[in-house]
Amino acid sequence: MDFSERVWCGSLRSGDAGREVLLAGWVDALRDHGEVLFVHLRDRSGIVQVVFSPQRCSAELSRAAESLKSEYCVSVRGRVENRLAGTENPNLETGAVEVFASEMEILSASDPLPFMVSEKAMAAGEREAESVAEDLRLKHRYLDLRRPSMQSNLFRRHRIFKCVRDYLDEQGFVEVETPVLTKSTPEGARDYLVPSRVHPGSFYALPQSPQLFKQLLMVGGFERYFQMARCFRDEDLRPNRQPEFTQLDIEASFIDEEFIYRLVEELACRMFAAGGVDLPRPFPRMTYREAMETMGSDRPDIRFGLRFVEATDLFRETRYGIFRQILERGGSIKGINIQGHSNSLSKNVLQNEYAKEIVPAMGAKGMTWMRVQDGKLESNIVQYFSDAERKSVLERFGAKDGDVLIMIADASPRVVISVLGQLRLHLAGRLGMIPQGVFAPLWVTEFPLFEPTDEGGVTSSHHPFTSPDRADFDPDDREGLLELKSRAYDLVVNGEELGGGSIRIHDRSLQSRIFRALGLTSGAADEKFGFFLRALDYGTPPHGGLALGMDRVVSMILGVSSIREVIAFPKNRSAQCPLTQAPSDVAREQLGELGLLDLGGGKELPGTAKKEDLLEHLSWVSRIGMDESERPALEEALAEASQLAAAVEKAETDAEPLFSVAPVKGRIRAGGEPVVSPLSESGALFANAPAMKGRFFKVAGILE
């Protein structure tokens, strides 16, 4: 069949009435009205109704139409006509017309489907409610991709990507591809390695990002580069993470942070507009320190309030024992004011849910809460506060009647910030404080250049090529290094980090001092980054850039819950592909060709020696540490266990397994007359009850 005359199904309108058309696509749904058969024919443009009527087509065609089933691939020739008044389908863009078939060819039949592909009910035009397990969808991804919602996601992704390319082209950027097979360099995650057949025992690494190559393009004088780069990271699994992903990489020379802010704000607004979302401008800016101190996150959600209030100084002279002990140990006290939610957060919820369960699970030892009623603080601990402390709390928190104040106090200021940050999001979600359909972009700036390590050194917060905010630092002064800020920045929207970047180091001597601060010798730095460092000796321009995680950006714009919904062939949550069964075993011959059968030449792997000692092996596999002082007792217990296991293996008996060493006997206590406890009579039994109902304890419902 000649498809050059083919017309898109979704393109037909009332103006096409009387036109002879050739359609091709898949059977989305069928409705048999006896002699007349109605078929919804679907292609990527949409759906149109095709009618097989004995008055309008041959008996042979009618019989062929009766054999149709869901997802048969067919071509149809017919005449477009307006539907009769009252029979239009407002749920279809083509709902004012239908096509009366005169010819049909079944191009390909379909086996019974593992799940429903159609997303429209024939009569009502509503989306099907069938829920399909994600792994089943991924196993038959070619069917899943036929669904209009999935196709819409990928079409809109294409338009967003095209918008990016068009805008950056306007701004003088050139798209350059960088290598996929490259050298393994430390970039924060594990590399995916590719063995070389030509160079046995050597490996390529798949790029975690094109970081070094895009900087080399700046050395090469391109000045403005971008790329929709494929990146690969062997990271620990998370629900919304993929081992391979697409990153928009941008790098430019002779710029500063303000250039990046202006460029990316306009780009972000255009991308979101392509998805029907208007972003407010200009994007506000917040330093890393402010974000952590007021919202407990370096990617804060600013769509709602609940900012932290510093309360440490209010209790310097307190007689409340818990606060006093914490402050004597250099601790911190912060809180939040949940305005107007006193009725939503009962005493039972605050005390038994949050203070006893939720907050300890978040990492704090406890939580202090207070209500505001009649201009006063109310709780079981307020009695320990002085009048001045109560007044100061009300003023500092701006508290009014109906408000609930929550405080976290801990000897570790990090714990206070972390727990309050989690609590802020938890409460906002529970109380419906997060506005829907609102997008709040934010620049987070002035990140620390270094972070402390457990070994007493420092490591880069971003990567070692990030420029510090000043060059007059001592690479051997650890405390001074931890005070340095970086010229780095992150773009955050609704509490999600969409991307980040920095101004890079372009001076060889400064880069060498950064490596020295990181504990890299000149030899080690040369081994890992020698080709890049050599390039810095040839007139490197000042430059900087940014990378956006495009899968995450597109999923946010389209309002889908998972990045897998905007990727054609993603991996599942276990980094596996149910469609291709990757990763999979390969033939031993392939391993031999690549020199992987005896890699290492018999050298022991780290930890192998420990496995030879049974006690060391048990400690290693159980991840439980062991002091040398404990070794004799543990070795004795292990020896006894081994002897017992050996005895059990040697024992030969047909006896029934012994489930209890005690004889079976009723253990019910001798009866007596029920009496009321004197403590219950006096009420002393209920003195510590959080709440009472009649003469009984009132406890939280466990299934609320």
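Residues numbered from 1 in each chain as written. Predicted model: local features only at pLDDT ≥ 70, side-chain atom pairs only at ≥ 80, totals over all residues. Heavy atoms only, no water.

Draft legend 1. Focus on the pattern of salt bridges. Counted under the stated rule, the structure contains 45 salt bridges. Taking the shortest distance from any N to any O, the salt bridge between Asp43 and Arg6 comes out at 3.3 Å. With Asp43 in strand 2 (residues 36–43) and Arg6 in the segment before strand 1 (20–33), this pair connects stretches of sequence that are 37 residues apart. Between Arg534 and Asp537 there is a salt bridge, with the nearest N and O atoms lying 2.9 Å from each other. Asp537 sits in the partly exposed class, given a relative accessible area of 38%. Residues joined by salt bridges that share partners form a network here, namely Glu119, Arg137, Arg141, Asp144, Arg147 and Glu565. (Salt bridge = Lys/Arg side-chain N within 4 Å of Asp/Glu carboxyl O. Helix = DSSP H or I, 4+ residues; strand = E, 2+ residues; numbered from the N terminus. Buried < 20%, exposed > 50% of the residue type's maximum accessible area, 1.4 Å probe, protein only.)

Draft legend 2. Looking closely at the packing of helix 4 (residues 148–170) against helix 6 (residues 257–274). Two elements in contact, helix 4 and helix 6, have axes separated by 9 Å at closest approach and are oriented at 150°. As for the relative orientation of helix 4 and helix 6, their crossing is right-handed in sense. Within the contact between the two elements, helix 4 uses Ile160, Cys163, Val164, Tyr167, Leu168 and Glu170 and helix 6 uses Leu263, Glu266, Leu267, Arg270, Met271 and Ala274. Looking at side-chain class alone, the contact of helix 4 with helix 6 contains nine nonpolar, no polar and three charged residues. (Axes fitted to C-alpha atoms, helices over the stretch in contact; angles between N-to-C directions. Left-handed = near helix turned anticlockwise from the far one by under 90°. Contact = heavy atoms within 4.5 Å. Nonpolar A, V, L, I, M, F, W, Y, C, P; charged D, E, K, R; others polar.)

Draft legend 3. Examining a nonpolar patch on the surface more closely. Taken together, the side chains of Leu614, Leu618, Trp620 and Val621 present a nonpolar region at the surface, about 340 Å² in accessible area. Its location among the elements puts Val621 in helix 18 (residues 614–622). Since its relative accessible area comes to 43%, Val621 is described here as partly exposed. (Patch = residues over 30% accessible without salt bridge, like charges linked within 9 Å, V, L, I, M, F, W, Y side chains within 5 Å. Areas by Shrake-Rupley, 256 points an atom, 1.4 Å probe, with all protein chains shown as cover.)

Draft legend 4. Highlighting the environment of Thr294. Structurally, the position occupied by Thr294 is in helix 7 (residues 288–295). Here the alpha-carbon distance between Thr294 and Leu22, two residues 272 residues apart in the chain, equals 63 Å. Not counting the four nearest positions on each side in its chain, Thr294 is found in contact with Leu306, Arg307 and Phe308.

Draft legend 5. Region of interest: the sheet that holds strand 1. Spatial ordering of the closed barrel is given by 1-2-3-5-4, a layout of five strands whose pairing is mixed. Across the sheet, the mean angle separating the axes of adjacent strands is 55° when strand polarity is ignored. Note: strand 1 against strand 2, seven bridges, orientation antiparallel. When the bridges of strand 2 are listed, Trp26 appears paired with Arg42. Those strands touched by helix 1 (residues 59–66) are strand 2, strand 3 (46–52) and strand 5 (97–108), and its axis lies near 70° from that of strand 5. (Pairing = 2+ DSSP bridges.)

Draft legend 6. Main features of helix 14 (residues 522–535). The end-to-end C-alpha separation of helix 14 is 16 Å, well short of the 20 Å expected for 14 residues at 1.5 Å each. Taken as a whole, helix 14 carries its principal kink of about 95° at Phe529. What helix 14 keeps buried is the set Ala525, Phe529, Gly530, Phe532, Leu533 and Ala535. The inward-facing, buried residues of helix 14 contact helix 5 (211–219) and helix 13 (508–517). (Expected span 1.5 Å × (residues − 1). Bend = angle between axes of the 7 residues up to and from the residue.)

Draft legend 7. Structural view of the state of the cysteines. The final tally for this structure, using the stated rule, is zero disulfides. Cys9 takes part in no disulfide bond, and the closest cysteine sulfur to it belongs to Cys73, at a distance of 11 Å. The buried category is assigned to Cys9, whose relative accessible area is 0%. (Disulfide = S-S within 2.5 Å.)

Draft legend 8. Inspection of the nonpolar core at higher detail. Of all hydrophobic cores here, the largest spans 43 residues; its most connected members are Leu168, Leu248, Met271 and Met550. If you list the elements that add at least two residues to this core, you get helix 4, strand 9 (224–232), strand 10 (244–253), helix 6, strand 20 (488–493), strand 21 (496–503), strand 22 (543–549) and helix 15 (550–558). The element best represented in this core is helix 6, accounting for ten residues. (Core = buried A, V, L, I, M, F, W, Y, C linked by side-chain atoms within 4.5 Å.)

Draft legend 9. View of helix 18. Among the residues of helix 18, Leu615, Glu616 and Ser619 are the ones counted as buried. Along the axis of helix 18, the buried residues cluster in a sector spanning 100°; they form a single face. Here helix 18 starts with a cap whose side-chain oxygen sits 3.0 Å from the backbone nitrogen of Leu615, and that cap is Asp613. (Arc of directions from axis to C-beta. Polar contact = N/O pair within 3.5 Å; in protein donor to acceptor, adjacent residues only side chain to side chain.)

Draft legend 10. Representation of the pairing of strand 13 (residues 332–338) within the structure. The element strand 13 is extensively covered by neighbouring structure, given that seven of its seven residues are classed as buried. Neither face of strand 13 is exposed, since Ser332, Lys334, Ile336 and Ile338 on one face and Ile333, Gly335 and Asn337 on the opposite face are all buried. Alignment of strand 12 (residues 309–310) against strand 13, held across two bridges, turns out to be antiparallel. If you follow Val309 over to strand 13, its bridge partner there is Gly335. As judged from the seven bridges shared by strand 13 and strand 16 (residues 404–410), these two strands associate in the antiparallel manner. By the bridge assignment for strand 16, Ser332 is matched with Asp410.

Draft legend 11. Just the packing of helix 4 against helix 15, in detail. Interhelical geometry of helix 4 versus helix 15 gives an angle of 115° and a closest axis separation of 10 Å. Crossing of helix 4 over helix 15 shows right-handed handedness. For the pair helix 4 and helix 15, contact is made by Asn153, Arg156, Arg157, Ile160, Phe161 and Val164 and by Met550, Asp551, Val554, Ile557 and Leu558, respectively.

Draft legend 12. Examining the side chain of Arg371 more closely. As for its position among the elements, Arg371 is in strand 14 (residues 368–373). Salt bridges are absent for the buried Arg371, whose nearest opposite-charge side chain, Glu378, sits at 5.9 Å. One polar contact links Arg371 to Ser342, side chain to side chain, over a distance of 2.9 Å. (Lys, Arg positive; Asp, Glu negative; His and termini not counted.)

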